[in-house]
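Residue-level listing of the chains:
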Amino acid sequence: MTGSPKPTVLVTGGGGYIGSHAVLALRDAGWPVVVLDDESNSTGVLVPQGVPYIKGSIADRPLVAGLLREHGIGAIMHFAGSMLVAESVTDPLKYYRNNTLASHALLEEMIAAGVPHIVFSSTAAIYGAPERLPIEEGDPKLPINPYGASKWMTEQMLADAARVHDFNYAALRYFNVAGADPDLRAGQIGKTSTHIVKIATEAALAKRPHVDVFGTDYPTPDGSCVRDYIHVSDLAAAHVAALEQLIADPDENLVLNCGYGTGLSVIEVLDALDVVCQRKVPRAIGSRRPGDPPQLVASNRALVETLDWTPAHADIHQIISDALAWERKLKNGKPV
Ligand code: UFG
């Protein structure tokens, strides 16, 4: 990319948790950015000063068509969508609407405007409850909840459309994203977070009485669920590296797991929290949460081999301490 001008990147959902970190990573690397966000799970407070910010939906076709042309968008990073596994079970049509149908609308407008690259926010949830670990990209896609199914449908749309239209895409399958920008310019503020690291840091700061461990009777070493936690800033850096790769090789698409390839149990995460806090944060052993697969651990071989990307924050203690520092900045859910 050195030497060639960087195209303007539309970041959908750029006001949200992962999108806002991608905005920072893009800007730090010198890319012009435009943010489109409907504020369904954000407020715009994480969007840096000077970034053109449009409040609206990716499903609003005239809005999207207009801004793609007006801002001369040359690539899209697509984060906008709904992302709570449990909610997707109780309100499945919301997930097919916000994740699948809205992505379809965005994709058609993108193709009509001739935008040549898109990086899509996919998920490990497309694999369901896998039989073997670590999970390779070619392993069976058998989602066990509508959230995973809605994202897998979008991946299939991208693959089919990219065969016949003039664009290439990256589908980045996130494992468990956690932490905050180490400079505390962004972090998780979602109105509806149910994620373990967020909940645990809230408990550590007495914003809630304790953290629940959802099940200790899984077929895992300590009985609690195992996940592959990735620092949000490393994930954001992977997006920039993926976009650079899409531009460098417009004939190739990228489908990549995003994790460190290391599994940690819920209990191990809470033990790491205790180490960071130098005290025991109250926890309560509870029953299983519906829809949780016992173990999800990525093979990140393809990610490491394909992209110019090296993790810089691959330590659960750093993930937790950055998340904790960010949580300390929040008053009534807003950074101060
Ligand atoms: N957990 C608890 N207590 C809590 C919250 C969570 O024990 O208060 C447990 C869950 O039961 C699960 C683990 O912590 O075993 C991780 O749960 P999260 O809610 O933090 O994350 P999920 O694994 O459910 O889902 C996340 C993303 C999905 C993504 C998935 C892929 O939200 O979008 O990771 O690994 F698909």
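Residues numbered from 1 in each chain as written. Predicted model: local features only at pLDDT ≥ 70, side-chain atom pairs only at ≥ 80, totals over all residues. Heavy atoms only, no water.

**Student:** Account for the site of the ligand, naming residues and giving values.
**Tutor:** Looking at the ligand, there are 22 residues lining it, with Thr123, Asn176, His195, Asp212 and Asp292 nearest. Within the backbone of Phe214, an N or O atom sits 2.8 Å from an oxygen atom of the ligand. A distance of 2.5 Å is found between an oxygen atom of the ligand and a side-chain nitrogen or oxygen belonging to Asp292. When the ligand sits alone it has 680 Å² of accessible area, and the protein chains cover 94% of it. Those elements that place two or more of their residues in the shell around the ligand are helix 6 (196-204) and strand 8 (211-214). By residue class, the composition of the shell around the ligand is 14 nonpolar, 4 polar and 4 charged. (Near = heavy atom within 4 Å. Polar contact = N/O pair within 3.5 Å; in protein donor to acceptor, adjacent residues only side chain to side chain. Areas by Shrake-Rupley, 256 points an atom, 1.4 Å probe, with all protein chains shown as cover. Helix = DSSP H or I, 4+ residues; strand = E, 2+ residues; numbered from the N terminus. Nonpolar A, V, L, I, M, F, W, Y, C, P; charged D, E, K, R; others polar.)

**Student:** Please provide a residue-by-residue account of the nonpolar core, values included.
**Tutor:** Judged by nonpolar contacts, the single largest core of 64 residues is most densely connected at Leu26 and Met77. Looking at this core element by element, the count peaks at 9 residues for helix 7 (residues 232-248). Core analysis: the next-biggest nonpolar cluster, separate from the first, contains 25 residues, Ile54, Ile118, Ala161 and Ala171 among them. (Core = buried A, V, L, I, M, F, W, Y, C linked by side-chain atoms within 4.5 Å. Buried < 20%, exposed > 50% of the residue type's maximum accessible area, 1.4 Å probe, protein only.)

**Student:** Before we move on, can you summarise the pairing of strand 1 (residues 8-12) with the specific residues and values?
**Tutor:** Along strand 1, 5 of the 5 residues are buried, which leaves the element largely enclosed by surrounding structure. Both strand 1 and strand 4 (residues 73-78) contribute to a ladder of 5 bridges, which runs parallel. Within the sheet, the bridge partner assigned to Val11 lies in strand 4 and is Met77. The sheet contact formed by strand 1 and strand 2 (residues 33-37) spans 4 bridges and is parallel. Across the sheet, the residue bridging to Val11 is Val35, located in strand 2. A crossover links strand 1 with its parallel partner strand 2, the connecting element being helix 1 (residues 17-28), and its sense is right-handed. (Pairing = 2+ DSSP bridges. Right-handed = clockwise from strand over helix to strand, strands pointing away.)

**Student:** Please give an account of the side chain of Glu327 that cites residues and values.
**Tutor:** Residue position: Glu327 is located in helix 10 (residues 316-329). Here Glu327 is in contact with Lys198, Thr201, Glu202, Leu205 and Lys207, once residues within four sequence places are set aside. (Contact = heavy atoms within 4.5 Å.)

**Student:** So what's going on with the environment of Pro282? Which residues, and what values?
**Tutor:** Positionally, Pro282 belongs in the loop between helix 8 (266-277) and strand 13 (283-286). For Pro282, a relative accessible area of 39% gives the class partly exposed. Pro282 sits 79 residues away from Ala203 along the chain, and the two C-alpha atoms are 7.4 Å apart. The contact partners of Pro282, leaving out residues within four places of it in the chain, are Pro209, His210 and Val211.

These results come straight from atomic positions and should not be treated as a statement about function.
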